[in-house]
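Listed below are the residues making up each chain.
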Amino acid sequence: MHAEYTDHSAQYAEDCTSSQPQELAAEIKSFIDAISIKGLASCLSGISIQKLSERELPSQPGLSPLKSKVATQADLESDWGRYWIHELGFPFSYNRKMWEYAFILQALSLTGMLQDGRLGLGLGCGKEPLPSYLAAQGCNIVAGDKPAEKQIPSSWQQIGTYTESLESLFWERLLSKSEFEKRVQLQYVDMNDLPSDIYGQFDFCWSVCAVEHLGSIKAGLDFLLNSIKALKPGGVSVHTLEFNYLNIPKDFETPSLCFFKAEHMESLSEEIKTLGATLCPLDFDWGNMVFDRYIDLPPYNKHRWDTLQKRGLNVAPFSAPHLKLNYTGIPITCFGVIAIKS
């Protein structure tokens, strides 16, 4: 007769952590809680990406409904999602940053903005590839970040996400240096205080996950409204932001980060009409595919894994899907906003 199987994993986790300093013990427990599901998700992601690679790469992004919407797995696997990720030179991944880049480029493509001579304004750009890519399409770009005198968070510079110079915006694989210097200008702009001299000057403006860092939900919504002022008639404002897609009742709002909800987007849709603009139809469907249902857990990035390794843990980073994630107990993802000025 076989001995009864007993699951000792919980006791093992307790034994492993009991002799550790309290801080490290908590981190190890958190790591153990996350490692199995992240590892499984990584394997599933690898299988999905392999199957996707067997499909022919789209030669055009195709047409899709122009919506303000939640990031989904279906978007990433669509013709437009795969097309723009490839255009930027990134390997395909189920990562919300890839969705943000693809969403912005698809919105600009569908509204006729990827044309020679169009003038675009990039806000809170960090070191993203979009200024270089847009310049390669013939657009003239003014891009930059928050002015340094406005108290830049030290973390932005530590992890290399601040636009320190014009050179920070140059992606060599996307265009030549001479073409970049011809078409891209650096300008530091405070998103909480847009200068009046940019009003009515641009065909389009964009930002990638910057709106949630403006100090409050109200400040973010005010910016989305004010961004319309920078546009010429017919211009397009497209932005991505952090979104509480399950509509958890408690608002998350700190001086450095906030999450938006459906009610905020619905309010924006009405208010933006007073500025002679229209918000593209709202779509709050957050998807029903496997990586829409998977909520990633920390540690999220290489820096965090490196910290665990330095503390003596034998761990290696997982390339887990990162479309939805858990932040302080609130599942979040990205939401894309498209507004068109009349």
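Fair warning: this is a prediction, and the values are worked out from it, not measured in the lab. (Residues numbered from 1 in each chain as written. Predicted model: local features only at pLDDT ≥ 70, side-chain atom pairs only at ≥ 80, totals over all residues. Heavy atoms only, no water.)

Novice: Residues and numbers for the pattern of salt bridges, please.
Specialist: When their charged atoms lie close together, side chains carrying opposite charge are able to pair. Across all of its chains, the model carries 16 salt bridges by this definition. Between Glu 100 and Lys 97 there is a salt bridge; the shortest N-O distance is 3.2 Å. A residue pair is termed a helical-turn pair when its members lie 3 or 4 positions apart in one helix, as Glu 100 and Lys 97 do in helix 5 (residues 96-110) at three residues. With a relative accessible area of 1%, Glu 100 lands in the buried category. Between Lys 177 and Glu 167 there is a salt bridge, and its shortest N-O distance comes to 3.0 Å. With a gap of 10 residues between them, Lys 177 in helix 8 (residues 177-183) and Glu 167 in the loop between helix 7 (154-158) and helix 8 connect regions that are remote in the sequence. Residues joined by salt bridges that share partners form a network here, namely Asp 116, Glu 179 and Arg 183. (Salt bridge = Lys/Arg side-chain N within 4 Å of Asp/Glu carboxyl O. Helix = DSSP H or I, 4+ residues; strand = E, 2+ residues; numbered from the N terminus. Buried < 20%, exposed > 50% of the residue type's maximum accessible area, 1.4 Å probe, protein only.)

Novice: Explain helix 5 residue by residue, including any values.
Specialist: Here helix 5 contains 15 residues, and its C-alpha end-to-end distance of 21 Å stays within 8% of the 21 Å for a straight helix at 1.5 Å per residue. Of all 15 residues in helix 5, 12 are buried; the element is thus mostly enclosed. Looking at where helix 5 begins, the residue whose side-chain oxygen comes 2.8 Å from the main-chain nitrogen of Lys 97 is Asn 95. Positioned one or two residues after helix 5, Gly 112 has a phi angle of 75°, which is positive. (Expected span 1.5 Å × (residues − 1). Polar contact = N/O pair within 3.5 Å; in protein donor to acceptor, adjacent residues only side chain to side chain.)

Novice: Explain the packing of aromatic side chains to me, and be specific about the residues and the numbers.
Specialist: On inspection of all chains with the given rule, the structure shows 17 aromatic pairs. For the ring pair Trp 99 and Phe 103, a centre distance of 4.8 Å and an interplane angle of 20° mean the geometry is stacked. Residue Trp 99 and its partner Phe 103 are both found in helix 5; the two are separated by four residues, about one turn of the helix. Take Trp 99: its relative accessible area is 0%, and that puts it in the buried class. Relative accessible area serves as the criterion here: at 5%, Phe 103 is assigned to the buried category. Ring plane angle 35° and centroid distance 4.7 Å describe the contact between Phe 243 and Phe 335, whose orientation is recorded as tilted. On the criterion of sequence distance, the pair formed by Phe 243 in strand 6 (residues 231-243) and Phe 335 in strand 10 (residues 330-341) is long-range, its members being 92 residues apart. By the burial criterion, Phe 243 is buried, and Phe 335 matches it. Through a chain of ring-to-ring contacts, three or more aromatic side chains come together here, namely Tyr 83, Trp 84 and Tyr 133. Taking NZ or CZ as reference, Lys 177 lies 5.3 Å from the ring centre of Phe 170, over its face. Here the basic side chain of Lys 324 rests over the ring of Tyr 245, its NZ or CZ set 5.7 Å away from the ring centre. (Phe/Tyr/Trp six-rings, centres within 6.5 Å; stacked < 30°, edge-to-face > 60°. Lys NZ or Arg CZ within 6 Å of the ring centre and 35° of its normal.)

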